[in-house]
Structures are given as C-alpha cells and as structure tokens.
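Remarks on the overall topology
Residues per chain are reported as follows:
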Amino acid sequence: MFYNVLKYVVIGPLLRLFFRPRIEGLENIPEDGAAIIAGNHLSFSDHFLMPAILKRRITFLAKAEYFTGPGIKGRLTAAFFRSIGQIPVDRSGKDAGQAAIREGLGVLSRGELLGIYPEGTRSHDGRLYKGKVGVAVMAITAQVPVVPCAMVGTFEIQPPGQVVPHLKQVTIRFGEPLEFSRYAGLENERAAIRAVTDEIMYAILGLSGQEYVDEYAAKAKAAQAERSGQAGPGGRTGPTKKFPKSRR
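Residues numbered from 1 in each chain as written. Predicted model: local features only at pLDDT ≥ 70, side-chain atom pairs only at ≥ 80, totals over all residues. Heavy atoms only, no water.

1. Side note on the pairing of strand β3 (residues 58-63)
Taken together, the three bridges between β3 and strand β5 (residues 113-116) define a ladder with parallel strand orientation. In the sheet register, isoleucine 58 faces β5, and the bridge partner there is leucine 113. Where β3 meets strand β4 (residues 87-89), three bridges bridge the pair, whose relative direction is parallel. Residue pairing across strands places lysine 63 opposite valine 89, the latter belonging to β4. (Pairing = 2+ DSSP bridges. Helix = DSSP H or I, 4+ residues; strand = E, 2+ residues; numbered from the N terminus.)

2. Topic: the pairing of strand β2 (residues 35-39)
Among the five residues that make up β2, five are buried, leaving the element largely enclosed by the rest of the structure. With burial as the criterion, each face of β2 is covered, one bearing Ala35, Ile37 and Gly39 and the other bearing Ile36 and Ala38. Alignment of β2 against β5, held across four bridges, turns out to be parallel. Paired with isoleucine 37 across the strands is glycine 115, a residue of β5. In terms of strand pairing, β2 meets strand β7 (residues 146-152) through four bridges, oriented parallel. By the bridge assignment, isoleucine 36 is partnered in β7 with valine 146. (Buried < 20%, exposed > 50% of the residue type's maximum accessible area, 1.4 Å probe, protein only.)

3. With respect to the environment of valine 144
Turning to its location among the elements, valine 144 is positioned in the loop between α5 (134-142) and β7. The buried category is assigned to valine 144, whose relative accessible area is 8%. With 36 residues separating them along the chain, valine 144 and phenylalanine 180 place their C-alpha atoms 7.9 Å apart.

4. Focus on the sheet that holds strand β8 (residues 171-174)
The strand order β1-β8-β7-β2-β5-β3-β4 describes an open sheet built from seven strands, whose pairing is mixed. On the outer flanks of this sheet lie β1 (22-24) and β4, each paired with one strand and no other. Averaged over neighbouring strand pairs, the angle between their axes works out to 25° when direction is ignored. Where α5 meets the sheet, its contacts fall on β2, β5 and β7, and the angle it forms with β2 comes to roughly 160°. (Axes fitted to C-alpha atoms, helices over the stretch in contact; angles between N-to-C directions. Contact = heavy atoms within 4.5 Å.)

5. Thoughts on the pattern of salt bridges
Under the definition given, this model contains six salt bridges. The salt bridge involving glutamate 199 is made with arginine 182; its shortest N-O contact spans 2.8 Å. Of this pair, glutamate 199 sits in helix α7 (residues 190-208) while arginine 182 sits in the loop between β8 and α7, and the two are 17 residues apart along the sequence. Three or more residues joined by partner-sharing salt bridges are found here, namely Asp125, Arg127 and Glu211. (Salt bridge = Lys/Arg side-chain N within 4 Å of Asp/Glu carboxyl O.)

6. With respect to the confidence of the model for the chain
Chain-level pLDDT for the chain is 85 on average; 83% of the residues reach the 70-or-more range. Across residues 231-235, confidence stays below pLDDT 50; counting only partners more than four residues off in sequence or on other chains, it has three contacts. A low-confidence stretch, residues 244-248 (pLDDT under 50), is modelled with eight contacts involving residues beyond four sequence positions or located in other chains. (pLDDT = per-residue confidence, 0-100.)

7. Things to note about unusual backbone geometry
Positioned with a positive phi, glutamine 143 is a non-glycine residue whose angle comes to about 50°. Locating glutamine 143 in the fold gives a position in the loop between α5 and β7.

8. Section: the nonpolar core
Core analysis: the largest hydrophobic core is formed by 30 residues, its most contacted members being Ile36, Phe180 and Ile200. Broken down by secondary-structure element, the contributors of at least two residues to this core are β2, α4 (96-109), β5, α5 and α7. Among the elements that make up this core, the one with the highest residue count is α7 (eight residues). Leave out the neighbours within four places in its chain, and phenylalanine 180 touches Ala139, Gln143, Val146, Val196, Glu199 and Ile200. Core analysis: the second largest hydrophobic core is formed by 21 residues, Ala52, Ile58, Cys149 and Met151 among them. (Core = buried A, V, L, I, M, F, W, Y, C linked by side-chain atoms within 4.5 Å.)

9. A word on the packing of aromatic side chains
Geometry of an aromatic ring pair is reported as the spacing of the ring centres plus the angle between the planes. Summed over all chains, the structure comprises three aromatic pairs. Judged by centre distance (5.4 Å) and plane angle (65°), the rings of phenylalanine 44 and phenylalanine 48 are edge-to-face. Accessibility expressed as a relative area gives 24% for phenylalanine 44, which makes it partly exposed. Considering the side-chain rings of phenylalanine 180 and tyrosine 183, the 6.4 Å spacing of their centres and the 50° angle between planes classify their relative orientation as tilted. In this structure, phenylalanine 180 and tyrosine 183 share a single accessibility class: buried. (Phe/Tyr/Trp six-rings, centres within 6.5 Å; stacked < 30°, edge-to-face > 60°.)

Shown next as structure tokens:
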C-alpha cells in the first residue's frame, strides 16, 4: 500500500516533473511472471527513477548499510527502504554472495521483478565495470529472462558526493530480454556463469554507450582511494576494454 502511495502520489510525480525521464523499450518488460532487470548503477537516484517509471513493482537487493545507519536519519532511511519492499543484503564476508542469491531467488519464486546492479556498487567515475556472477546464477537457476537496462544521465545529475541532484533530463533504456535456457543446470559451472554475466554486461554496454573497464568496481574504487590523487586524468583507474558497438 505505502509503495503505491510513494510511487503514484508522492515521489513518482515529483521525479517525472523534475527529471522528465525519457523512457525507451518499456515494452521489453514482461507484463507478468518473474524476470530480472539488470542495470548499470551510476547514482543514488537510480533507486528511485527506475521503479517510478515501471508499471510493475520491482524489488531491489539493497546494501545492508541503508538499514543500519545511526541516528534519526539512519532510522528514517531504513524505514523508507523497508516500506518500498527493498531487501537488505550484507555485502561483507565470504557468504555475502550466497545470501544475496538466496534472497533474489525468493523474489523470483514469487513471480516478481527483481532489480540487480551486476557491478555490485555505484560507478565512481561514470564507466561500466565488470559484472559479478550472482546475476547469472539466479538467471540460470530460476530460468527467468534478464532485461538489460541502462540509466543514462544519472551520473551527471548526482555524481558521488552530490547530495541534492541537479534537475536535468535522464534516459532510462530497456533492451530485449535475454534468455539462458541453454545453460540450464550449469549454475555451478564457473565458465558458464562468467559467460552469461559477460553477455548481460555487453547488452547493458550497448544500451548505455559507456566506457567499459574489465575490473570490479569495488577494486577500482579501493585503488583510487589508495592513490589519493595519483590517478590519471579524471581520476580514472583500471584497464579499459573496447567492445564493438551493438545494434539497438
């Protein structure tokens, strides 16, 4: 109930008014049944913009820190994320990935939409980073389609450290659903889940037009922090990898 109030009465109308999102490929979202929406992650605003424009409810696996912040602000943030049905996932420790997969499969087993950012964290420089394989494990195990999504312009409206977003138009672009039935039963095979993950990231790349970095975002962030200003132009770190442009 509260989810619908936020989406249709409070937050949704404001987001549409201020950011005038241009939506492409909305017809690629299944009208019913379980599916994964896998997108790039450029801004904190992504959490609100995508759900606001989807006709169906979507559940994201949110980092546990959103639910454990101190003080009044922390309690309000936790209450908000719980009210919109987001699921806290502890990303620390060796079992963090398995916990996220279990939670995600639970959402899919109910025939719902699951939102995932395969990079695992927000991009700190606007580039697209290597995807983690959890999305592939869930897609193969649940045998559900994966719809690639590209948020375009959200990094510019709210880059890291920007508390209040700039009021500019953004684009939310959905690609054709990807299906991986040919990998059925191979969710524990490293080569298979890496291949599926790379196919998903390539589809996102084709929609977003970002520069791709063949390195995990968290590792690149840590390296940049260690260098403390010793990175190259624009503060960029990590090896880039060129992919041919795909057709849309």
